[in-house]
Amino acid sequence: MSGHAFSPEERAAVYRAIAERRDMRHFAGGEVPADTLARLLEAAHAAPSVGLMQPWRFIRITRPDLRAAIAALVEQERQRTAEALGERRDEFMRLKVEGIGQCAELLVVSLMDGREGHLFGRRTLPEMDLASVACAVQNLWLAARAEGLGMGWVSLFDPGALAELLGAPSGARPVAILCLGPVEAFYPAPMLALEGWTEPRPLDELLSENQWNC
Ligand SMILES: Cc1cc2nc3c(=O)[nH]c(=O)nc-3n(C[C@H](O)[C@H](O)[C@H](O)COP(=O)(O)O)c2cc1C
């Protein structure tokens, strides 16, 4: 064991947060105390980022009319996704895919504008900006679970329409609508698995050595 390791209890807490984090779509209203929200946003902001570009921008939605407009955008895309799914349309429409109406806090996470000025680590892989934003969202997700709060990542929306709604500068690209807040209970497993939409695959099927064998 490395001398730098956390104590057994601390390690267990980290692995517990990872194992028990769930994408939540059912929320119990209520509120997120201001100091808790500040801690969560600091956790997100502590994420690694390519070239330390910190490409994330967080927009807290507090206006009810804006929340309603965002919900309408998501509903529009939910219908379009259903049509695109063809024979799985009805099955998809029965799934709950967001909790925008019930969550205590609504956040939009966007890629910043002017990303083309950042080349370090992105010359061949420009999408590393998005990977960095995903790291920030995962930090927030895990910290929220540790705080006893649920979070759901909603990506069913037209990014251009959401950018316009939020007055984002040209080149910025919203990539996540985050529903955050108290929940009655955390799902014991991914909801899409519980609902029979898909089966998660075990790690050993996705892991190989030296040569691609997955
Ligand atoms: C980038 C990303 C986008 C997602 N978008 C949606 C979404 O729009 N609606 C939804 O219901 N779930 C969404 N999810 C949640 C996934 O369905 C969920 O993470 C997956 O089923 C595994 O469940 P778990 O997070 O509870 O382990 C998204 C997850 C990620 C990582």
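Refer to the structure presented above.
Anyway, here's the lowdown on the structure attached to this text. (Residues numbered from 1 in each chain as written. Predicted model: local features only at pLDDT ≥ 70, side-chain atom pairs only at ≥ 80, totals over all residues. Heavy atoms only, no water.)

### Quick look at the site of the ligand
Residues in close proximity to the ligand include Arg21, Arg22, Asp23, Arg25, Val97, Trp153, Val154, Ser155, Leu156, Pro190 and Leu192, which together make up its full environment. Note that an oxygen atom of the ligand is positioned 3.2 Å from one of the side-chain N or O atoms of Arg25. The contact in question runs from a nitrogen atom of the ligand to an N or O atom on the backbone of Trp153, over 3.1 Å. Coverage of the ligand by the protein amounts to 71% of the 610 Å² it exposes when considered alone. (Near = heavy atom within 4 Å. Polar contact = N/O pair within 3.5 Å; in protein donor to acceptor, adjacent residues only side chain to side chain. Areas by Shrake-Rupley, 256 points an atom, 1.4 Å probe, with all protein chains shown as cover.)

### Here's the deal with the packing of helix H2 (residues 34–45) against helix H5 (residues 128–146)
Axes are the key here: two packed helices are described by the angle between their axes and the distance separating the axes. Where H2 meets H5, the closest approach of the two axes is 7 Å, and the angle between their N-to-C directions is 145 degrees. Where H2 crosses over H5, the two elements pack in a sense that is right-handed. Across the interface between the two elements, Leu40, Leu41, Ala43 and Ala44 from H2 touch Ala136, Asn139, Leu140, Ala143 and Ala144 from H5. Across the contact of H2 with H5, the residue classes break down as eight nonpolar, one polar and no charged. (Axes fitted to C-alpha atoms, helices over the stretch in contact; angles between N-to-C directions. Helix = DSSP H or I, 4+ residues; strand = E, 2+ residues; numbered from the N terminus. Left-handed = near helix turned anticlockwise from the far one by under 90°. Contact = heavy atoms within 4.5 Å. Nonpolar A, V, L, I, M, F, W, Y, C, P; charged D, E, K, R; others polar.)

### What to know about the packing of aromatic side chains
Counting across every chain of the model gives two aromatic pairs. When the ring of Trp141 is compared with that of Trp153, the centres are 6.1 Å apart and the planes differ by 50 degrees; the resulting orientation is tilted. In this pair, Trp141 sits in helix H5 while Trp153 sits in strand E3 (residues 150–154), placing the two residues twelve residues apart along the sequence. Its relative accessible area of 25% is what places Trp153 among the partly exposed residues. Sitting above the plane of the Trp141 ring, Arg21 keeps its charged end 4.5 Å from the centroid. Between the NZ or CZ atom of Arg145 and the centre of the ring of Phe186, over which it lies, the distance is 3.9 Å. (Phe/Tyr/Trp six-rings, centres within 6.5 Å; stacked < 30°, edge-to-face > 60°. Buried < 20%, exposed > 50% of the residue type's maximum accessible area, 1.4 Å probe, protein only. Lys NZ or Arg CZ within 6 Å of the ring centre and 35° of its normal.)

### Description of the nonpolar core
In terms of nonpolar packing, the biggest core is built from 26 residues, with Ile70, Leu106, Leu162 and Ile177 touching the most fellow members. Those elements that place two or more of their residues in this core are helix H3 (64–85), strand E2 (105–111) and strand E4 (173–181). The dominant element in this core, judged by the number of residues it contributes, is H3, at five residues. If we skip the residues at most four places from it in the chain, Leu106 touches Ile59, Arg60, Ile61, Arg67, Ile70, Ile100, Ile177, Leu178 and Cys179. The next biggest cluster of nonpolar side chains, apart from the first, holds 23 residues, and it includes Leu37, Ala47, Val109 and Ala176. (Core = buried A, V, L, I, M, F, W, Y, C linked by side-chain atoms within 4.5 Å.)

### So, the pattern of salt bridges
Inspection of the entire model under this criterion finds 14 salt bridges. Here Glu147 and Arg39 are joined by a salt bridge, their closest N and O atoms 2.8 Å apart. One end of the pair, Glu147, is in the loop between H5 and E3; the other, Arg39, is in helix H2, with 108 residues separating them in the sequence. The partly exposed category is assigned to Arg39, whose relative accessible area is 41%. (Salt bridge = Lys/Arg side-chain N within 4 Å of Asp/Glu carboxyl O.)

### Some words on the pairing of E2
The element E2 is largely enclosed, with a buried count of seven among its seven residues. Here E2 shows a buried face lined by Glu105, Leu107, Val109 and Leu111 and a second buried face lined by Leu106, Val108 and Ser110. Across six bridges, the pairing between strand E1 (residues 56–61) and E2 is antiparallel. Residue pairing for E2: Arg60 is matched across the bridge by Leu107. Bridge count for E2 against E4 is seven bridges, and the pairing is antiparallel. Its bridge partner being in E4, Glu105 is matched across the sheet by Leu180. (Pairing = 2+ DSSP bridges.)

### Focus on the environment of His26
Structurally, the position occupied by His26 is in the loop between helix H1 (8–20) and H2. With 76 residues separating them in the primary sequence, His26 and Gln102 have C-alpha atoms 7.4 Å apart. When near neighbours in sequence (up to four residues on either side) are disregarded, His26 contacts Lys96, Val183, Tyr187 and Met191. At 2.6 Å, the side chain of His26 and the side chain of Tyr187 are in polar contact.

### Let's talk about a nonpolar patch on the surface
Together, Phe6, Val14, Tyr15 and Ile18 line one region of the surface with nonpolar side chains, adding up to about 430 Å² of accessible area. By the element assignment, Tyr15 lies in helix H1. Overall, the relative accessible area of 57% leaves Tyr15 in the exposed class. (Patch = residues over 30% accessible without salt bridge, like charges linked within 9 Å, V, L, I, M, F, W, Y side chains within 5 Å.)

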